Structures are given as structure tokens and as C-alpha cells.
Amino acid sequence: MTTFVAVFLPLAVAYAGAFVWMWDSWMLTDSFYAHGPLVVLVAASMIWAWRARWRQTPLHVDPRGWWLLAPGLAL
């Protein structure tokens with residue numbers, strides 16, 4: 001099973017209603033959020049540009065992250 005199917009597809013299905021609402025709010029004529037599609041394009045281009053650097057980074061668990069993860073899981 002690929003990572004896309006295992007992680008991203010269930011998240012997309014779970015947030016489908018939120019995505020529809022977000023797209024509708026972006027497309028309003030006098031919306032303060034009309035720049036939303038531009039933000040998505042810029043973020044996607046940054047991720048695309050940095051992907052080679054991220055692949056070279058060694059994977060390891062940083063124990064400093066547990067103080068953020070534990071309260072989040074408790075909530």
C-alpha cells in the first residue's frame with residue numbers, strides 16, 4: 001500500500017466538506033480569502049523545490065517533539 005493511499009486519501013475524504021467550503025469562500029466576489037489558491041500554489045512550489053534536500057536529510061526521532069505530541073494526543 002502506498003503512502004498516498006494510506007495517509008493522504010483518508011485525510012482528503014475526511015476533510016472533503018472543509019475543502020468544498022474553503023473553495024466556495026475563495027470564489028466569492030468580495031472575499032477576503034480570494035488569494036487562497038495562490039497560497040496553495042506557492043506552498044506546492046516550495047515543497048517541490050525543497051524535496052531533494054529533504055530526501056538527503058537523515059531520518060531520526062527528535063525527543064524534543066514529545067512534549068508537543070503528548071498533549072495533542074491527550075486532547
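Since this is a predicted model, take the numbers as computed values, not measurements.

**Student:** Go over the overall build of the chain with me, naming the residues and quoting the values.
**Tutor:** Counting secondary structure elements, the chain contains four helices and zero strands. In the chain, the order of α-helices and β-strands from amino to carboxyl end is α-α-α-α. Relative to the globule expectation of 11 Å for 75 residues, the C-alpha radius of gyration of the chain, 17 Å, shows a markedly less compact shape. Along the longest, intermediate and shortest principal axes, the C-alpha atoms of the chain span 45 × 35 × 30 Å. Within the chain, the fraction of its 75 residues that count as buried is 5%.

**Student:** How would you explain the packing of aromatic side chains if you had to name every residue and give the values?
**Tutor:** Evaluated as defined, the whole model comprises two aromatic pairs. Plain terms: the ring middles of tryptophan 23 and tryptophan 26 are 6.0 Å apart, the flat faces sit at 65° to each other, and that makes the pair edge-to-face. Taken together, the residues tryptophan 23 and tryptophan 26, both in helix H2 (residues 16-26) and three residues apart, mark about one turn of the helix. Accessibility expressed as a relative area gives 46% for tryptophan 23, which makes it partly exposed. Between tryptophan 50 and tryptophan 54, the aromatic rings sit 6.1 Å apart at their centres with planes inclined by 70°, giving edge-to-face as the arrangement. Here tryptophan 50 pairs with tryptophan 54, and both are found in helix H3 (residues 36-56), just four residues apart, close to one helical turn. Sitting over the ring of tryptophan 48, arginine 51 keeps its end group 3.8 Å from the ring centre.

**Student:** Residue-level account of the side chain of serine 31, with values.
**Tutor:** Structurally, serine 31 is set in the loop between H2 and H3. Using a relative accessible area of 18% as the deciding quantity, one classes serine 31 as buried. At 2.7 Å, the side chain of serine 31 and the backbone oxygen of serine 25 are in polar contact. Polar contacts involving the side chain of serine 31 include one to the main-chain amide nitrogen of tyrosine 33, which spans 2.9 Å. If sequence neighbours within four positions are ignored, serine 31 has contacts with Ser25 and Trp26.

**Student:** Run through H3, naming residues and quoting values.
**Tutor:** A rise of 1.5 Å per residue sets the reference length of H3, with its 21 residues, at 30 Å; its end C-alpha atoms lie 31 Å apart and thus fit the reference within 8%. Tryptophan 50 marks where H3 bends most, by close to 45°.

Conventions used here
- Residues numbered from 1 in each chain as written.
- Predicted model: local features only at pLDDT ≥ 70, side-chain atom pairs only at ≥ 80, totals over all residues.
- Heavy atoms only, no water.
- Helix = DSSP H or I, 4+ residues; strand = E, 2+ residues; numbered from the N terminus.
- Rg over C-alpha atoms; globule rule 2.2 N^0.38 Å.
- Buried < 20%, exposed > 50% of the residue type's maximum accessible area, 1.4 Å probe, protein only.
- Phe/Tyr/Trp six-rings, centres within 6.5 Å; stacked < 30°, edge-to-face > 60°.
- Lys NZ or Arg CZ within 6 Å of the ring centre and 35° of its normal.
- Polar contact = N/O pair within 3.5 Å; in protein donor to acceptor, adjacent residues only side chain to side chain.
- Contact = heavy atoms within 4.5 Å.
- Expected span 1.5 Å × (residues − 1).
- Bend = angle between axes of the 7 residues up to and from the residue.

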